[in-house]
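# Residue-level structure breakdown
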Amino acid sequence: MGRKKIALIGGGQIGGNLALITAQKELGDVVILDIPKAEGMTKGKALDIMQLRPHDGYDVNLTGTSDYKDIEGANVVIITAGVPRKPGMDREDLLSINIKIITDVAENVKKYAPNAFVIVVSNPLDAIVYSFYKVSGFPKNQVVGMAGALDTGRFRTFLSMETGFSVQDIHCMVMGGHGDTMVPIIRTANVAGIPITELIPEDRLEAIVKRTRVAGGELVKLFGNGSAYYAPAQCAMEMAEAYLLDKKRVIPSAALCEGEFGIDGYFIGVPALIGAGGVEKVVEFELTEDENSALQDTYEKVKKTVAETGL
Ligand code: A3D
């Protein structure tokens, strides 16, 4: 039994970081694939990280390519191919470009890595992961979108910044579409089990929820020429790790719902059990009336974007 193989489709900001942290975790050999024009860049990143290994002590191999044959037999495929947002853009503005790209990627992944667990990161996330699922015909447990992990992590970060408590002890969950209509479930937020509402006044909590919803845009503005990449890479790696090590983690992720939470036939942010079976289950729980109506709003938005894919 050789090492596992992780294929990164898109070797840009998130792809490059993913290559580094996936290798550092020794999850498997890493193949970075990008368009032919960017092949040198993929090879350069792979070689640079190979040369980091003597200082860090991990033994996996990294390669760069623009040839899908090189991803053959990959256990995990993480897709970041596409364009990121620029200031003033919504994630939905990326749809027309990224839909063409995901169609090409899905056909190739289907051909060369039909058994891989696929984690989609490209935006608009909920529509792009849906498109991958439709074009590839993969079973639903084999396809997931990374977004809820990041949105939840951002919420945790802001709660930690506000309280001064370790982010490690702060838990919460953000559901819904990956956009400004996402649904932070405040009721679930706690510090080591202590409800957050006992620790932060209501108006401050509201401000934090607001900041969480537009956290991606805050970074787009700061960068001026692209979107977040360190934290998104870490989140996607965590999902790959949960699959490869059969960790049975519950990670908010865009999973295909078939009736769960009243959502049917769409990928949307829900708590997903990730283990060796991929998305083994959508973990359902009772929502309050307000939470449910917020989830329905985000559901409508996702449906609208998905309709624009024409798939
Ligand atoms: P960027 O640094 O531009 O990297 C994208 C890479 O994709 C580039 O190197 C392109 O050359 C490559 N690419 C383009 N077309 C193809 C193709 N057909 N096949 C293979 N590779 C291709 O962007 P990034 O890494 O910063 O972001 C990547 C994507 O992730 C964007 O769509 C972002 O909007 C999205 N993103 C999602 C989240 C979520 O939480 C869902 C967070 C941050 C970014």
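Before going into details, it helps to say that this report is about the structure given with it. Here the structure is a predicted model, which means the values were calculated and not measured.

Right, let's get into the pattern of salt bridges. Within this structure, the stated rule accounts for 12 salt bridges. Here K25 and E241 are joined by a salt bridge, their closest N and O atoms 3.3 Å apart. A residue pair is termed long-range when its members are at least 10 positions apart, and K25 in the loop between α1 (13-24) and β2 (29-33) and E241 in helix α9 (residues 230-244) qualify at 216 residues. Classification of E241 as buried rests on a relative accessible area of 11%. The partner of E162 in a salt bridge is R204, with the nearest N and O atoms 2.9 Å apart.

Around the ligand, the surrounding shell holds 26 residues, and the nearest of these are Q13, I14, D34, V83 and V121. At a separation of 3.3 Å, an oxygen atom of the ligand approaches a polar backbone atom of G82. A distance of 3.0 Å separates an oxygen atom of the ligand from a polar side-chain atom of N123. One can see that the ligand is located within the largest pocket. Per-element accounting of the shell around the ligand gives the leading share, 3 residues, to helix α4 (residues 95-112). Among the residues forming the shell around the ligand, the class breakdown is 14 nonpolar, 10 polar and 2 charged. In terms of domain composition, the shell around the ligand takes at least three residues from each of domain 1 (5-145) and domain 2 (148-307).

Conventions used here
- Residues numbered from 1 in each chain as written.
- Predicted model: local features only at pLDDT ≥ 70, side-chain atom pairs only at ≥ 80, totals over all residues.
- Heavy atoms only, no water.
- Salt bridge = Lys/Arg side-chain N within 4 Å of Asp/Glu carboxyl O.
- Helix = DSSP H or I, 4+ residues; strand = E, 2+ residues; numbered from the N terminus.
- Buried < 20%, exposed > 50% of the residue type's maximum accessible area, 1.4 Å probe, protein only.
- Near = heavy atom within 4 Å.
- Polar contact = N/O pair within 3.5 Å; in protein donor to acceptor, adjacent residues only side chain to side chain.
- 1 Å grid on protein atoms, 1.4 Å probe; cavity = no way out; pocket = protein on both sides within 12 Å on 5 of 7 lines; lining within 4 Å.
- Sits in = over half its atoms within 2 Å of the grid points.
- Nonpolar A, V, L, I, M, F, W, Y, C, P; charged D, E, K, R; others polar.
- Domains from an automatic or database assignment.

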